[in-house]
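An overview of the molecular structure
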Amino acid sequence: MVKTIYKMNFIREEIIKKSAQILNNGGLVAFPTETVYGLGGDACNDSAVASIFSAKKRPLYNPLIVHVHNKKIAEKYVNFSDIAAEIAHQHWPGPLTLVLPRRVDSDLSLLVTAGLDTVAIRVPSHPTANALLSCFGGPVAAPSANSSGSVSPTTAEHVIQSLKSLTDMIIDGGPCIIGLESTVIDLSGSSPSLLRHGAVTLEDLNHRFGPISDLTNDKNIIIKSPGMLTRHYATKQPLRLEALSAGTDEAYLAFGASAETNAAVALNLSESGDLTEAAANLFSMLRVLDLPKFNGIAVAPIPNHGLGRAINDRLRRAAIPA
Ligand code: TXA
Ligand code: MG
């Protein structure tokens, strides 16, 4: 049962202390990050990690991201190559997850990494996430705070809708600024590869760190990143992508200058065609339109560059039929 739901404006320090205590006792805390809300538990505590999997109904083969307060703490759990250290230096804190070799002496729960010898790790930039990680001190395993495979949560209200009775605390930090999960890059092999698109774009990474192979649509990605192949981020009603118009029985998710549409209802990800605004709106607008009274959601084409790649990636996976 949720014991308490607080607004961050009130007694911030007490909330953080209380949340860290819950983590220390093996409980679960849902907290805001700059990307999406996470469902956090002590990454070294098998039973806490097991309760994350069970709350989300997440398959045990799909490993979790470990969140830490800074790189120095990360170094206790993973080995950094020179390029990994450089990328972390440039992008942490921020929406980038690095997959790195797990240290043999790491005391992370084996469940976190689903038996892999690598760990996905990141330092988030959201002040509330930072405060919590600093107060707790250790690593926090935190997947998105929603049922496995469904639309990710970008507000505390979204978390309440799917996990209310399954977490000990939900910290309300308002809407997430980015609204899409972190970029994931694998630096555990001989050359870097992209496993998930996010706010740190492929263009950006290529520009600064040389060619990064994009494995996000590789059919072998399930071996590298087990969460990536399946239907994901899915609405209950079907999605129809690249839709230039919508039927009277459909909801329409537009982008840019408004298209002529007969849709039952329409929302616009960004009237000015701004991809950052569109990313921040994507999951919450999908939730609003995902109603059984519509035969489905028609989604306008989104330009496939920069953050648009991450948006299209989420939409494609969400559109895979159940
Ligand atoms: O923005 C985010 O990353 C959010 C917030 C809460 O930080 N978290 C998040 O976690 O999206 P999750 O569990 O929903 O996604 C983790 C992704 C999955 O696709 C998983 O397969 C992949 O990271 N992953 C985790 N550990 C991995 C590993 N050792 N090697 C490759 N992929 C891994
Ligand atoms: Mg997720």
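None of these values were measured; they are calculated from a predicted model.

This part is about the layout of surface pockets. What the largest pocket holds in volume is close to 250 Å³. Considering the residues around the largest pocket, the lining is formed by Asn146, Ser147, Ser150, Val151, Gln161, Ser162, Ala234, Thr235, Lys236, Leu286, Arg287 and Asp290. Those elements giving two or more residues to the lining of the largest pocket turn out to be α6 (156–163) and α9 (275–289). Residues belonging to the lining of the largest pocket are distributed by class as follows: three nonpolar, six polar and three charged. Taken domain by domain, the lining of the largest pocket gets at least three of its residues from each of domain 1 (3–214) and domain 2 (239–319).

Another point: the nonpolar core. Among the nonpolar cores identified, the biggest contains 44 residues, and Phe80, Leu98, Ile121 and Ile185 are the most heavily contacted of them. If you list the elements that add at least two residues to this core, you get α2 (46–56), α3 (71–74), α4 (82–91), β5 (96–101), β6 (118–122), α6 and α7 (202–209). The element contributing the most residues to this core is α2, with four residues. Residues contacting Leu98, with those up to four places away along its chain left out, are Phe80, Ala84, Ile87, Ala88, Trp92, Val119, Ala120, Ile121, Ile185 and Leu187. Of all hydrophobic cores here, the second largest spans 33 residues; its members include Leu180, Leu239, Ala254 and Ala310.

What follows deals with empty space enclosed by the protein. It is a probe the size of a water molecule, rolled over the atoms, that shows where empty space is left. Considering all chains together, one arrives at one cavity of 30 Å³ or more under this definition. Each pocket or cavity is described by its volume, and for the largest cavity that value is around 570 Å³. Considering the residues around the largest cavity, the lining is formed by 41 residues, among which Arg58, Pro63, Ile65, Val184 and Arg196 are closest to the centre. Listing elements by their share of the lining of the largest cavity, those giving two or more residues are β4 (65–67), β6 and β10 (193–196).

Moving on to α2. Spacing of three or four residues puts side chains on the same side of an α-helix, whose turn is 3.6 residues. For α2, the complete set of buried residues consists of Ala48, Val49, Ile52, Phe53, Ala55 and Lys56. When α2 is viewed along its axis, its buried side chains cluster within an angular range of 165° and face the same direction. Turned more than 90 degrees away from the buried face of α2, the exposed residues are Ser47 and Ser54. On its buried side, α2 packs onto β3 (38–42), β7 (140–141) and α6. If you check the start of α2, you find a side-chain oxygen 2.9 Å away from the backbone N of Ser47, and it comes from Asn45. Of the residues trailing α2, Lys57 is marked for its positive phi of about 55°.

Rules behind the numbers
- Residues numbered from 1 in each chain as written.
- Chains lettered and ligands numbered in written order.
- Predicted model: local features only at pLDDT ≥ 70, side-chain atom pairs only at ≥ 80, totals over all residues.
- Heavy atoms only, no water.
- 1 Å grid on protein atoms, 1.4 Å probe; cavity = no way out; pocket = protein on both sides within 12 Å on 5 of 7 lines; lining within 4 Å.
- Points joined across faces, edges and corners; volume = space filled by probe spheres on them.
- Helix = DSSP H or I, 4+ residues; strand = E, 2+ residues; numbered from the N terminus.
- Nonpolar A, V, L, I, M, F, W, Y, C, P; charged D, E, K, R; others polar.
- Domains from an automatic or database assignment.
- Core = buried A, V, L, I, M, F, W, Y, C linked by side-chain atoms within 4.5 Å.
- Buried < 20%, exposed > 50% of the residue type's maximum accessible area, 1.4 Å probe, protein only.
- Contact = heavy atoms within 4.5 Å.
- Arc of directions from axis to C-beta.
- Polar contact = N/O pair within 3.5 Å; in protein donor to acceptor, adjacent residues only side chain to side chain.

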